[in-house]
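What follows is the residue order along each chain.
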Amino acid sequence: MAHIPDGVLSLPVLVGGGAAAVGAVALGLRRISDRDIPRVAILASGFFALSLFAVPVGPSSVHLLLGGLMGIVLGSAIFPAVCVALLLQAVMFGFGGLTTLGVNIVNIALPGAVIGALVSPLIARATPASAAVIAGLASAGCVACTGLLVALALALSSADYMLSARVMLATYLPLMVVEGLVGGFCISFVKRVKPELLTPLQAHA
Amino acid sequence: MSLARTGDDTFFAIEQLDPRTRILGGCAIVLGAVAMQSHAGQIAMLLAALSLTTLADIKPRDMLHRLLHVEGFMIVLLVLLPLTMPGRAIATLGPLTLSEAGLMRALAIILKVNAAVLATMALLATLEPVRLGRGLASLGAPARLIHILLFLVRYQSLFREEATRLMEAMRARGFAPKLDMRTWRAYGNFTGMLLVRSMERAERVEEAMRCRGFSGKFPLRSTRPLQRADYGFMTAVALAVAALAVWDRLL
C-alpha cells in the first residue's frame, strides 16, 4: 500500500518528493565508504527478499515495510537501499511508479532513517528484552509515519483525495501492530545471536 | 525476475534497442502519460503504450496479471472518488450518490495509471536488470548506486530462496501461522535469522572480494555506441509525446 503508482499525484508533489529523494540518496551514498558497498548491498538484498514475503494475518496477508529495521541496521544507507529496491520493484513487478519513485523513497525511507538514528544508539546498549521493546515501538512508529506521509502526498495532490487518504491511513493500523511485534522479536533475536549487526554501519570501517 | 526473452526475433523489436534508449524513452512516455489532461489525450497515450507492448512481444496474460496487481492500490481511490466528489449526481443508491465529476476523475486515473504501467512494462520490464543497471550508469547515475543495484539483482533471488527454505523448515517443525504471540515471535525470529544470514554472507563476500583486489570500483562503462534504430526510436518517441502534449492542451 505504500507504493503510489504513476498518474495519481500532482506535479508539485512529484517534483518536491523527487528533489528530496535525490538529496537524501546522495547523502546516503556519500556516507558509505567504498569498501562497505558489498555489505550495504547484500543486507539490502536480504531486506528486499523479506519485503516480498507475505506474512499471513488471519484470512489476509501483509507485506512488511521494514522501515524501522532498515533504519536501525543500515543507518543513512537506507536511502540508496530503498531507492534501488523501489526502482527494481517498479520496473520488474509494476509496484509503484517511475515518476513517483522520489515520493515513495521519502515515504518509506525517511521515517526509518530518522527513527533509526534516534533509537539505534539505545538499542546498541540495551538488554535484548528492552531492545525488543524499543525496536517494536520504532517499527510501529515508522509504519505510522509512512502512512501519514502517503496520506499527505495524496492530500497535497488534490483536495478530492482527502477522504481516500483517511481511509488509506486506517489500513495502516493492522500493519503497524504486525510490524511492531515482528520488528521487536526480530531485534531481540539479533541482539542475542549476532549483536554486531546492531552497531551502526558507519562504525564498522 | 525480468520479462526479458531469450530468443531471436528477426523483425524490429524493442529488445534490439540500447538500454539507454529504453530508459529515456520509457521515462518520456510515462511523463507524457501522467501529464495528459484530456480524456482523449489519456486514451491516445494508453493506445500508444499498448502498441509498444505488441512491439515488445508481451503476452496478454502477463499484461493482465500486472495491470490487476496495480489496480489493487487504486481500489480505495476509484471507489471513493465518484462517491465523495461534489458535482452533478448521475445515480443515487440509497444514501450514496455518484457524481459525474468524480466518475470522470476516476476514469482519468485509470487511463493514466494503465498507460504508465504498460509503457514501463514494454520498455523496461523486458530489459535484464543487469543491462538496466549498466544503462543507468552510462546515463550518469552514481556508480555506488549502480553497484548496490547490481548486488541486489544478484542476491535478492538467493535470499528469497533462503527465506523459503527457512519457512519450510519452520513448517516441518510444526509451525502454522495463527493470530497469537507465538506466531509473531516466530516471524520475528525468521526475519532476524534472515538478517543474520545476510550479514554473514556479506562478510564472506566482502572478504572474498578484497582477496581479489576489490577497492570499491567495478568496471561499468562498456557500452557500445547507439545504433541508427536507437536514434530513430528516440526521435519517434519525442515527436509523438510532444505532438500529443500539444494536441492535449488544444482540446
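Residues numbered from 1 in each chain as written. Chains lettered and ligands numbered in written order. Predicted model: local features only at pLDDT ≥ 70, side-chain atom pairs only at ≥ 80, totals over all residues.

Colleague: So what's going on with the overall build of chain A? Which residues, and what values?
Modeller: Across its full length, chain A holds seven helices and two strands. Taking 2.2 N^0.38 as the reference for a compact globule, 205 residues should give roughly 17 Å; the C-alpha atoms of chain A span a radius of gyration of 16 Å, in line with that estimate. For chain A, the spread of C-alpha atoms along the principal axes amounts to about 50 × 40 × 30 Å. The long-range share in chain A, meaning contacts at least 24 apart out of those at least 6 apart in sequence, stands at 79%. (Helix = DSSP H or I, 4+ residues; strand = E, 2+ residues; numbered from the N terminus. Rg over C-alpha atoms; globule rule 2.2 N^0.38 Å. Contact = placed C-beta atoms within 7 Å.)

Colleague: Go over the overall build of chain B with me, naming the residues and quoting the values.
Modeller: Per the secondary structure count, chain B includes eight helices and two strands. Listing every helix and strand of chain B by position from the N terminus yields α-α-α-β-β-α-α-α-α-α. For chain B, the C-alpha radius of gyration of 24 Å lies well beyond 18 Å, the compact-globule estimate for 251 residues. Residue burial in chain B is summarised as follows: out of 251 residues, 37% are buried. Here the contacts in chain B between residues at least 6 apart in sequence split such that 74% fall between residues at least 24 apart. (Buried ≥ 20, exposed ≤ 12 C-beta atoms within 10 Å, placed from the backbone.)

Colleague: Hey, could you go over the interface of chain A and chain B for me, with residue numbers and the actual values?
Modeller: Taken residue by residue, the interface counts 60 residues in chain A and 63 residues in chain B. Breaking the side of chain A that touches chain B down by element, the ones donating at least two residues are helix 1 (11–30), helix 2 (37–51), strand 1 (54–57), helix 4 (78–93) and helix 7 (162–193) of chain A.

Colleague: Tell me about the pairing of strand 1 (residues 89–93) of chain B, and name the residues and values.
Modeller: Residues and elements named next belong to chain B. Within strand 1, only zero of the five residues are buried, which leaves it mostly out in the open. Relative to strand 2 (residues 96–99), strand 1 runs antiparallel, the two sharing four bridges. By the bridge assignment for strand 2, Thr 92 is matched with Thr 97. In this antiparallel pair of consecutive strands, strand 1 and strand 2, the connection spans two residues, and Gly 94 shows a positive phi of 60°. (Pairing = 2+ DSSP bridges.)

Colleague: Give a description of the domain arrangement of chain B that names residues and reports values.
Modeller: Domain annotation for chain B reports domain 1 (16–127 + 224–250) and domain 2 (143–211). Just the C-alpha atoms count here: the centres of domain 1 of chain B and domain 2 of chain B sit 36 Å apart. (Domains from an automatic or database assignment.)

Colleague: Provide a residue-level description of helix 2 (residues 39–55) of chain B, including the pertinent values.
Modeller: Residues and elements named next belong to chain B. With 17 residues, helix 2 extends 24 Å between its outermost C-alpha atoms, agreeing within 8% with the 24 Å of an ideal straight helix rising 1.5 Å per residue. Those residues of helix 2 that fall on the buried side of the exposure criterion are Gly 41, Gln 42, Ala 44, Met 45, Leu 46, Ala 48, Ala 49, Leu 52 and Thr 53. In the stretch just after helix 2, Asp 57 is the one whose phi turns positive, near 60°. (Expected span 1.5 Å × (residues − 1).)

Colleague: Kindly report on helix 5 (residues 129–138) of chain B, identifying the contributing residues and their values.
Modeller: All buried positions along helix 5 of chain B are accounted for by Pro 129, Leu 132, Gly 133, Arg 134, Gly 135 and Ala 137 of chain B. Contacts made by the buried residues of helix 5 of chain B are with helix 4 of chain A together with helix 1 (19–35), helix 4 (100–125) and helix 6 (143–172) of chain B. Downstream of helix 5 of chain B by one or two residues, Gly 140 of chain B has phi in the positive range, about 105°.

Colleague: Kindly report on the packing of helix 6 (residues 128–157) of chain A against helix 7 of chain A, identifying the contributing residues and their values.
Modeller: Residues and elements named next belong to chain A. Where helix 6 contacts helix 7, the two axes come as close as 7 Å, and the packing angle between them is 160°. As judged from the angle between their axes, helix 6 and helix 7 are roughly antiparallel. Here the hand of the crossing between helix 6 and helix 7 comes out right-handed. In terms of residue class, the contact of helix 6 with helix 7 is built from 26 nonpolar, eight polar and four charged. (Axes fitted to C-alpha atoms, helices over the stretch in contact; angles between N-to-C directions. Parallel < 35°, antiparallel > 145°, perpendicular 65-115°, else oblique. Left-handed = near helix turned anticlockwise from the far one by under 90°. Nonpolar A, V, L, I, M, F, W, Y, C, P; charged D, E, K, R; others polar.)

Colleague: Please set out the pairing of strand 2 (residues 60–63) of chain A residue by residue, giving values where relevant.
Modeller: Residue and element names in this part refer to chain A. Strand direction decides the pairing type here: strand 1 and strand 2, joined by four bridges, are antiparallel. Each bridged residue has a counterpart across the sheet, and for Pro 56 the counterpart in strand 2 is Ser 61. In textbook terms, the turn of a hairpin is the stretch between consecutive antiparallel strands, and for strand 1 and strand 2 this stretch comprises two residues, one of which, Gly 58, has a positive phi near 60°.

Colleague: Quick rundown of unusual backbone geometry? Include the residues and the values.
Modeller: Phi is positive for Leu 66 of chain A, close to 65°, though the residue is something other than glycine. Along the chain, Leu 66 of chain A falls in the loop between strand 2 and helix 3 (67–74). One non-glycine residue with positive phi stands out, namely Asp 57 of chain B, at about 60°. Asp 57 of chain B sits in the partly exposed class, given 16 other C-beta atoms within 10 Å.

Colleague: Quick one: what's the story with the packing of helix 2 of chain B against helix 4 of chain B, residue by residue and with numbers?
Modeller: Residue and element names in this part refer to chain B. Put simply, helix 2 and helix 4 touch, their axes get as near as 8 Å, and they point 25° apart. By the criterion of interaxial angle, the relationship of helix 2 to helix 4 is roughly parallel. Classified by chirality, the crossing of helix 4 by helix 2 is left-handed. Two secondary-structure elements touch here, helix 2 through His 39, Gln 42, Ile 43, Met 45, Leu 46, Ala 49, Leu 50, Leu 52, Thr 53 and Leu 55 and helix 4 through Leu 107, Ala 108, Leu 111, Lys 112, Asn 114, Ala 115, Leu 118, Ala 119, Met 121, Ala 122 and Leu 123. Split by residue class, the contact of helix 2 with helix 4 holds 16 nonpolar, four polar and one charged.

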